[in-house]
2 protein chains.
Amino acid sequence: MDEPRRPSSLHGTSHPGKIPGATRKGTETRARIIKGALEALENGGMEALTTRKIAASAGVRLATLHYYFDNKESLLLAVLEDLIADMAEAYQADIPASHDPQERIETVIRSMWRYVQRTRNKQLAQTELTLYALRTQGADWLAARQYNAYIDFYSKLIFDGMGEISEDKKQIGTAVARFMLIGIDGLILQNFALHNDGDTNEGVETLIIATQDLVRRLQAEARLAAG
Amino acid sequence: MDEPRRPSSLHGTSHPGKIPGATRKGTETRARIIKGALEALENGGMEALTTRKIAASAGVRLATLHYYFDNKESLLLAVLEDLIADMAEAYQADIPASHDPQERIETVIRSMWRYVQRTRNKQLAQTELTLYALRTQGADWLAARQYNAYIDFYSKLIFDGMGEISEDKKQIGTAVARFMLIGIDGLILQNFALHNDGDTNEGVETLIIATQDLVRRLQAEARLAAG
DNA sequence: GTCTATATGTGGATAGAC
DNA sequence: GTCTATCCACATATAGAC
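Keep in mind it's a predicted model, so treat the numbers as computed, not measured. (Residues numbered from 1 in each chain as written. Chains lettered and ligands numbered in written order. Predicted model: local features only at pLDDT ≥ 70, side-chain atom pairs only at ≥ 80, totals over all residues. Heavy atoms only, no water.)

(A) Highlighting the protein's contact with DNA strand C. Neighbouring residues of DNA strand C: 18 residues in total, closest Thr 51 and Lys 72 of chain A together with Thr 23, Thr 64 and Tyr 68 of chain B. Side-chain polar atom of Arg 52 of chain A to a base nitrogen of DNA strand C: 2.9 Å apart, as the coordinates give it. Between Lys 72 of chain A and DNA strand C, the recorded distance is 2.9 Å, taken from a backbone N or O atom to a phosphate oxygen. Per element, the largest residue contribution to the surface near DNA strand C is four residues, and it comes from helix H3 (residues 62–68) of chain B. For the surface near DNA strand C, the per-class residue count stands at seven nonpolar, eight polar and three charged. (Near = heavy atom within 4 Å. Polar contact = N/O pair within 3.5 Å; in protein donor to acceptor, adjacent residues only side chain to side chain. Helix = DSSP H or I, 4+ residues; strand = E, 2+ residues; numbered from the N terminus. Nonpolar A, V, L, I, M, F, W, Y, C, P; charged D, E, K, R; others polar.)

Structural data, given as structure tokens:
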């Protein structure tokens, strides 16, 4: 109804202003800006996030920021892209040793939850960015990518390294991962709002049990179907 | 590190600029502004939300807005307060007829989910406001209030009207409501990001079963403890 | 209590030297 | 590729008439 919106915004997402980023040093600067933006976002939140603060936080002049990114929007989306790309290593979760999915689920959820609590502001920042992507037309695919990355990540943590993954296992893994993600997201919001760690821990336990039950059920169904 | 932040912001939350709101017509205008703010927020999102758009959306002049609210922040928080206050009637969920908690859980989650899907933008707006409150220092109590309101609401939907509510039932109700809320919040985010309704519906079914199992387990525990 | 008009600040973005 | 300096639109907020 009122948004002018320049058509180049989508394409400006993943590459710098003109043609840079190809240069060795330039790539580093670009990365510094992204890192600075994330830092500023973690501290002050979306509402207070300005390009000036980002530049300061990154140790870069305002003009430099605009040399690497067409506009604020493309920078913000690049931050989210970066978060997605680095997700797996950020959680530094090795695939659990046990070959029992039930045990793995417990291990994964617990370590996940510890990480979330250690990085409260990062989680808030990420949630704000996701909402932002959902609100920015032409950028909701990014939110989808993020969720698929998490689902894939969880799924691998639960079933990988246990011989060949059958089609059945893959489907079960995806469904289970989706449910785990639902739970973790819900827990994050509720814990940050109520910051009653005792009650939230109860939620974690409930989620573990529920997820384990889900696996059991899906496996039983698959066994039946296979005959 | 850098926020000036006027000390009156907290108190400006729930009452207008000077002393108004006491006048019959004044209260209506105040309500119109809040409604307009919510509408503008639902359509454009936080990032694009300006006081001018709010005023326009409310059919009020910009100065009028500032007559009723000290600043943008206090208006935004008032919107969230309003959302909390009207929550119960918004969901227009009567207490289900059945006296079986298991059935009630299913009914409540399903109708809840239908409502959520009908009001996607409202849910996004509410989530954005919650994040905003969490980020606004001195306002996170509002986020807590919101969650407690939901927990209370769900809890009542599941156990009310079934004779006197024992202490046991109350505790169980709260724990169950908390878990339902976790699930619904997680579902909202995931569905809006992936907008794959098929997969999300699977999540709804899983949540119903998991919640029902939780009630069973908690009731069994309570029975054991009672001897 | 609501309006018109305006002050004041700050944000995103660009020009152009180096 | 990074800087200094600056433009300009627009956002929040206020003054003061009605």
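Picking up after the structure, the text goes on.
(B) Structural view of the relation of the copies chain A and chain B. Once chain A is rotated about the relating axis by 180 degrees and shifted along it by 0.0 Å, it coincides with chain B to within an RMSD of 0.0 Å. Taken together, the rotation angle and the small translation identify this as a two-fold axis. Measuring from the rotation axis to each C-alpha of chain A, the shortest distance belongs to Gly 186 of chain A, at 2.2 Å. A shared binding surface is used by both copies, with 100% of the interface residues of chain A retained as interface residues in chain B. (Least-squares fit on C-alpha atoms with pLDDT ≥ 70 in both. Contact = heavy atoms within 4.5 Å.)

(C) Representation of the protein's contact with DNA strand D in the model. Around DNA strand D there are 18 residues in total, and Thr 23, Thr 64 and Tyr 68 of chain A together with Thr 51 and Arg 52 of chain B lie nearest to it. When atoms of DNA strand D within 4 Å of the protein are sorted by moiety, sugar and phosphate together comprise 61%. The separation between a phosphate oxygen of DNA strand D and a polar side-chain atom of Thr 29 of chain A is 2.9 Å. The side chain of Thr 51 of chain B places a nitrogen or oxygen atom 2.4 Å from a phosphate oxygen of DNA strand D. Secondary structure elements with two or more residues in the surface near DNA strand D: helix H3 (62–68) of chain A together with helix H2 (51–58) and H3 of chain B. Ranked by residue count, the leading element in the surface near DNA strand D is H3 of chain A, at four residues. In terms of residue class, the surface near DNA strand D is made up of seven nonpolar, eight polar and three charged.

(D) Spotlight on the packing of helix H7 (residues 120–135) of chain A against helix H7 (residues 120–135) of chain B. Interhelical geometry of H7 of chain A versus H7 of chain B gives an angle of 150 degrees and a closest axis separation of 11 Å. It follows that H7 of chain A is roughly antiparallel to H7 of chain B by the angle criterion. By crossing handedness, the relation of H7 of chain A to H7 of chain B is classed as left-handed. Residues Asn 121, Leu 124, Ala 125, Thr 127, Glu 128, Leu 131, Leu 134 and Arg 135 of chain A of H7 of chain A pack against Arg 120, Asn 121, Leu 124, Ala 125, Thr 127, Glu 128, Leu 131, Leu 134 and Arg 135 of chain B of H7 of chain B. (Axes fitted to C-alpha atoms, helices over the stretch in contact; angles between N-to-C directions. Parallel < 35°, antiparallel > 145°, perpendicular 65-115°, else oblique. Left-handed = near helix turned anticlockwise from the far one by under 90°.)

(E) Structural view of the UniProt feature "DNA-binding region" (unreviewed entry) in chain A. According to UniProt, the feature "DNA-binding region" (unreviewed entry) maps to residues 50–69 of chain A in the numbering used here. The straight-line gap between the two end C-alpha atoms of residues 50–69 of chain A is 14 Å; of that span, 75% is helix and 0% is strand. (UniProt positions renumbered as here; feature names shortened; annotations may be inferred.)

(F) Quick peek at the interface of chain A and chain B. Tallying the contact residues gives 51 residues for chain A and 52 residues for chain B. Around 4100 Å² of area is buried between chain A and chain B when both sides are counted, 63% of it from carbon and sulfur atoms. Taken as a group, Arg 135, Ile 182 and Gln 190 of chain A account for 18% of the area that chain A buries against chain B, more than any other trio of residues on that side. Taken together, chain A and chain B are joined by six salt bridges. Going through the elements one at a time, helix H1 (24–44), H7, helix H8 (140–159), helix H9 (167–194) and helix H10 (197–226) of chain A are the ones with two or more residues in the side of chain A that touches chain B. Among the elements that make up the side of chain A that touches chain B, the one with the highest residue count is H9 of chain A (14 residues). (Buried area = accessible area lost by both parts, 1.4 Å probe. Salt bridge = Lys/Arg side-chain N within 4 Å of Asp/Glu carboxyl O.)

(G) Fine view of the environment of Gly 183 of chain B. With respect to the helices, strands and loops of the structure, Gly 183 of chain B is situated in helix H9 (residues 167–194). Along the chain, Gly 183 of chain B and Glu 103 of chain B lie 80 residues apart, while their C-alpha atoms are 17 Å from each other. Not counting the four nearest positions on each side in its chain, Gly 183 of chain B is found in contact with Ile 182 of chain A together with Leu 207 of chain B.

(H) Summary view of the packing of aromatic side chains. Residues and elements named next belong to chain B. Using the criterion set out here, one finds 12 aromatic pairs over all chains in the structure. A ring pair is formed by Tyr 150 and Tyr 154, whose centres lie 6.2 Å apart and whose planes are at 55 degrees; its orientation type is tilted. Of this pair, Tyr 150 and Tyr 154 both sit in helix H8 (residues 140–159), separated by four residues, roughly a single helical turn. We note that Tyr 150, like Tyr 154, is buried. (Phe/Tyr/Trp six-rings, centres within 6.5 Å; stacked < 30°, edge-to-face > 60°. Buried < 20%, exposed > 50% of the residue type's maximum accessible area, 1.4 Å probe, protein only.)

(I) Region of interest: H8 of chain A. With 20 residues, H8 of chain A should cover 28 Å at 1.5 Å per step; its first-to-last C-alpha distance of 29 Å lies within 8% of that length. Gly 161 of chain A, located one to two residues past H8 of chain A, shows a positive phi value of around 75 degrees. (Expected span 1.5 Å × (residues − 1).)

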